[in-house]
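Coordinate inspection notes
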Amino acid sequence: MTKYIVRRLLQMIPVIIGATFILFVLVFALPGEPWQGRCGERPCPPAYVDAFKKEYNLDKPLLIQYGIYLGRLLRGDLGTNFYNNRVIDELAVRYPTTVTLALIAIAFAIVIGITAGLVAGINRGSFLDTLVTVSTLVVISVPVFVIGGLAQWSILKLKLTDIIPVTATQGTIGQLILPGLVLGSLSVAYVARLTRTNLVENLRADYVRTARAKGLSKSRVIGLHTLRNSLIPVITFIGYEIGSLMGGAIVTERIFNINGIGGFIFRSIEQRDGVSVVGAVTVLVLVYLVVNLIVDVLYGVLDPRISHD
Amino acid sequence: MIDRRDHKDRGRREQFLAGLAEPDLAVEPPEPASDLLVGEEPTGAADKPHSLWTDAWWQMRRRPMFWISTALIIIFAVMAVWPSLFTSLDPRYCLLAESRQPPGRQHWFGTDIQGCDVYARTVYGARSSILVGVFATLGVTVIGSFVGLVSGYFGHWLDVLLSRLGEIFFAIPTLLGGIVILYSFPSKPDTPYFVVVGKVVLAITLLAWPSIARLMRGSVLQVMPNEYVVAAQGLGASSARVIVSHVLPNAMAGVIAVATINLGVYIALEATLSFLGIGLQEPAISWGIAISAASKMGYITSAPHMLLFPSLFLSLTVLAFIMLGEVARDALDPKLR
Amino acid sequence: MGFGTRTIAVAALAAFALVGTACAQNSPDGQSTGDDSAALTEVSVHGCTPQNPLVGAWTNETCGGHILDSIQSQLIRYDSKTMEPKLDIAESIETDDAKLFTVKLKPGYLFSDGTEVKAENFVDAWNYTAYAPNGAPQSTFLSPVVGWDQLQCTGEEGACDEAQPSTLPAKETLDGLKVVDDHTFTIETAEPTSNLLVRLGYTAFAPLPDVFFSSGADAAGDFGKLPVAAGPYKVTENTATQIVLEKNEHYTGAFPGQVDRIVHRIYSDLAAGWADLVAGNLDFLDAIPTDQLVDDAWIGIVGKDRTASGVAGRIEVLTVSPTDPQFQNNPLLRQALGEAIDRETITKVIFGGSRLPADGWVSPAVDGYKSGQCGAACVYDADKAKADYAASGGYQGVLTLTVNGDGGHKDWADAVCNSLRNTLEVDCQVVLTPDFRTLLNSASNGELTGLFRSGWVQDYPSIENYLTPIYSRGAESNYSRYDNPDFEAKLTEAAAADDLDEANKLYQEAEAILANDYPTLPLWYPTTSAAWSDKIDVIDVTPTSWLDTSSLTVKS
């Protein structure tokens, strides 16, 4: 197990270097210069540009810039952005909001998704099953920004804004409930379908037939044998989702005015603030890789059939 | 031994859509097609009775979902090719004085902020979505399948290298990556329409190929140990011939189902990028652009029809492809029969 | 735990009592000093990320500018309602020939660190600003002063290359600035500059304290975050999310603030600010999202008594690409386009009336504005437009209208294009650049054809500020590369005029020349639309679209 973890950690290194390098090159290739637009409606004077370039090493070749950046990164320093704010501070303000949002989305996925999946799976072929299957398909088909817009519209139409705020500027938990549901809607649908598929498959499995043949009641079979086996892949899937949701929150954050990491990255791209972009995405990539590793390790623990050795 | 737990993370969602997201999925694709295919040309396979493909066809045509989705796709495809069949109005003729009129006899879906007819613009918007969806799917499937084939068939260092490469692109969140790429290569005023669409297609292809590559690699690994492949190799057939004649036809099924589903996913992704203001651009008419303009809070309250109709068309298109892909998956995946 | 809670409750009550008795200058006993903070009045205002250090020499956009208005004082301060220049740090500014100005300072005017503002602080600050290798973007505002040219670099396009000392300026100080004594200095301008007095109220002309120079004159460092300046407020906290201003206890000027703390909350999106204002989480919002302006929805939401609208010192125009051959030497074509834009309908439908159709190149908010300068060429007239368009030969091919996609310009750009297309049947297309930077980049490289958006926010309230920086030969914001000797001559003449009225009249004549040549198509004057919370008692919204801190009070 330890060997496995160490190997996985080592494999992360080229991925992180590769991903940061690609981002670095892309951000570097962005048209327009970071100093443009910093001088109101006027172009910036040449001396200002010179000073700016020097300050941020922009006068050096790309590879050297990247080297300097990587060197800092390895020391845990995400650098200072073009507004003289430390990137780590900018991230510290926004990460908690995005994490909260992702966790709320996950909570919805677990509660609604698993319940719906179990109901559909147990009553396979019934009206409820069809309802779950069709409605999840619809949810998967409707892009998140449409769901968000429709949710806002319904709340406004029903005049429920006092109970369910349609914007979440402060990012309090109460405000994040609706955005969390919108962000999590896709995961809810996936989880429901995955739960259903696994349950159906397990119910057909030999050991279940045997148990039934031995005279165990249906509910006992489901509760005792099938549920655990069916939910392991679901839990794994949910684990992976945490990472993806954080990166995918950008649209939800925009719709609901949430001051989170996605919006920060988007703005930083607009402002050609490469240090912020690369820093923020690097952290996302790291979170993603680490969460995946944890989930994989947990999976081995949960499911004895999988061995990491 | 094959490492069963690595590099197959981000594609999970797409793969899952194909019902394949159990953790072992990347190495447990649909069963190798069928032994009947041994030694046959892939094109001939579909004509033979009881081949995987004919079986699948028989399966599919029994499902109402297949016919509904096919009908929807045909409607939207015709709309994309020949929008003037559906409306005689010019989507670019807009009278500001008629701004934000509710749906009525003159304007079926009402008018937008500029006073353009929402119905006409929604009909004309189909083209961009379908184009992006089709070409992105082609790009992703061709590149992904190729990399997956090479990676799975030849293995060794090539596999390691390609897997790592895929992982790098996997680790970058797709949407954020798309934003950075499209920002890096902005369209100029004189950029032709197809180049603008092409950029979106390229961005999606660049970021999405690894999921298909993984799927293909897994399928290939599954197919490889079969006698007919080993036999062909033993008889001295060239790698290219073995791949084309034996490996590919048997490893394709899962990829095709996922690719159909992905087509819907890419259409949604294009709309999302356009929604964020960096996908397609004027003068292209796109559902994403229309939804983006209509989704400001003040307009949602005062003129919701501007949001509802393009959203409906977009969602129906995506739904049609995902449904078709699901039906195909069910038909092509014997395990679920 | 219980005890702790009770203590807080008592403290809060005590604080409330303090407010109730009002004007309690100090807590009666030393015990309760800790409660003072609860009695402090605080207002939160909509802020955005300053692009540069919070130093007059560096800040030239509104995000930082709004903060500098509160934390800096200059020789002059503009009246919050009329924008009329009033003496602030200056006791007097005198001149006989509009070239040599003698400035006397009020003695005892203090920086926020307690040191006095002396003549040297002005001269050193201005030398620092003007000296090109320092890279301060506001350097050009000192260009009228004698010797400014000698402080500029001579590298390619004015670049300063430290590796090549020959490109560095020969001098470090302006010849035109001389310290006479602690409270007197003189300014000599190269050309007569009749409106210098008005200009001196601009934030670029603020003094810098001794500590700035003794700490290495590094604006990009800590000083730029928490600057020492001579305004009624000072920055006490500056993070990525908020910038907090508190009363400057050393302030002795005539424009003190009344609210103890002003918190600039940094928003990246106006819609978020609006949502917060409506929810009662923000006290002042200086602009309203356009989708809320439609049908006056915003006034219905917050109530009329909590909103203000008024003319602002701004203008938006469409600049005609100087490199587009079809427009060269064809003013009639440009005018025909100008006549085909239905400004009335667009400002009403798209902007909900928050823009005023432009009738010239100078904002009505400014001293020297004259109505109807543009004449018929700024009035929508389909028939005249068609006739002129036909007479001019028309525009062949696709006419592009380029705007930056990140500034909410798409709606009106579409409307303008539709107006042109419907009236003239010209194939007009809107092109969105990802952002303003890309637009500026393409514009300054001459890559744009057709029309593109230019906006102008005045630096100081003078008609001159709408003409010289944008239309004089070689000016940095002259994107249309307008160059007309008659116009230049008028500007020079106006600058040398004896008094402001005379100068304004000459500037108006210069503006009339613009109407003939039509280098840009005037669109509209953005107005101020501001809203505030019910916590605010008295508020004055200035023509610079900001609140006047000296009159701001909150309800007790």
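Residues numbered from 1 in each chain as written. Chains lettered and ligands numbered in written order. Predicted model: local features only at pLDDT ≥ 70, side-chain atom pairs only at ≥ 80, totals over all residues. Heavy atoms only, no water.

A few points about the nonpolar core
One broad rule of soluble globular proteins: the nonpolar side chains tend to lie buried together. Counting residues in hydrophobic clusters, the biggest one holds 298 residues, and the most contacted among them are C:L75, C:W126, C:W412 and C:L420. Ranked by the residues each element gives to this core, the list is headed by helix α10 (residues 239-275) of chain B, at 17 residues. Every residue in contact with C:W126, bar those within four places of it in the chain, is listed here: C:L75, C:L142, C:L174, C:L177, C:F185, C:I187, C:L200, C:A204, C:F205 and C:A206. Formed by 23 residues, the second largest nonpolar core is a distinct cluster that contains C:V45, C:I67, C:I71 and C:A530. (Core = buried A, V, L, I, M, F, W, Y, C linked by side-chain atoms within 4.5 Å. Buried < 20%, exposed > 50% of the residue type's maximum accessible area, 1.4 Å probe, protein only. Helix = DSSP H or I, 4+ residues; strand = E, 2+ residues; numbered from the N terminus. Contact = heavy atoms within 4.5 Å.)

Here we look at helix α17 (residues 485-495) of chain C
All names here are of chain C. Of the positions making up α17, those classed as buried are F487, E488, K490, L491, A494 and A495. Down the axis of α17, the sector holding all buried residues measures 160°, keeping them to one side. Those residues of α17 that are exposed and angled more than 90 degrees off the buried face are P485 and D486. Check the buried side of α17 and you find it contacts α16 (464-471) and α18 (500-517). Near the N-terminus of α17, the side chain that reaches the backbone nitrogen of D486, with its oxygen 2.9 Å away, is that of N484. (Arc of directions from axis to C-beta. Polar contact = N/O pair within 3.5 Å; in protein donor to acceptor, adjacent residues only side chain to side chain.)

Some thoughts on the interface of chain A and chain C
Taken together, the contacts link 33 residues of chain A with 49 residues of chain C. Between chain A and chain C, roughly 3,400 Å² of surface is buried when both sides are summed, and carbon and sulfur atoms account for 49% of that area. Seen at the junction of chain A and chain C, the total is zero salt bridges. If you look at where chain A meets chain C, you find one residue pair in polar contact (both at pLDDT 80 or more). When contributions to the side of chain A that touches chain C are tallied by element, the ones reaching two or more residues are α2 (46-55), α4 (87-122) and α11 (261-270) of chain A. (Buried area = accessible area lost by both parts, 1.4 Å probe. Salt bridge = Lys/Arg side-chain N within 4 Å of Asp/Glu carboxyl O.)

Here's the deal with the pattern of salt bridges
The full count for this structure, using the stated rule, is 30 salt bridges over all chains. Salt-bridge contacts for A:R193 lead to B:E326; the nearest nitrogen and oxygen are separated by 2.5 Å. Residue A:R193 is found in helix α7 (residues 173-204), and its partner B:E326 is found in helix α13 (residues 305-332); the two belong to separate chains. What makes B:E326 buried here is its relative accessible area of 5%. Taking the shortest distance from any N to any O, the salt bridge between B:D159 and B:R217 comes out at 2.9 Å. Taken together, the residues span a long stretch of sequence, with B:D159 in helix α6 (residues 156-171) and B:R217 in helix α8 (residues 193-223) at a distance of 58 residues.

Focus on the packing of aromatic side chains
A full pass over the atoms with the stated rule returns 41 aromatic pairs over all chains. The interplanar angle of 75° and the centroid separation of 6.4 Å between the aromatic rings of C:F141 and C:Y460 together place this pair among those described as edge-to-face. Of this pair, C:F141 sits in the loop between α4 (119-130) and β6 (177-181) while C:Y460 sits in the loop between β17 (451-457) and α16, placing them 319 residues apart in sequence. Grouping residues by exposure puts C:F141 and C:Y460 together as buried. Among the aromatic side chains, those forming a connected cluster through ring pairs are B:F76, B:W108, B:F109, B:Y119, B:W287, B:F309 and B:F313. Here the guanidinium or amino end of B:R61 rests over the ring plane of B:W58, the centre of that ring lying 4.7 Å away. (Phe/Tyr/Trp six-rings, centres within 6.5 Å; stacked < 30°, edge-to-face > 60°. Lys NZ or Arg CZ within 6 Å of the ring centre and 35° of its normal.)

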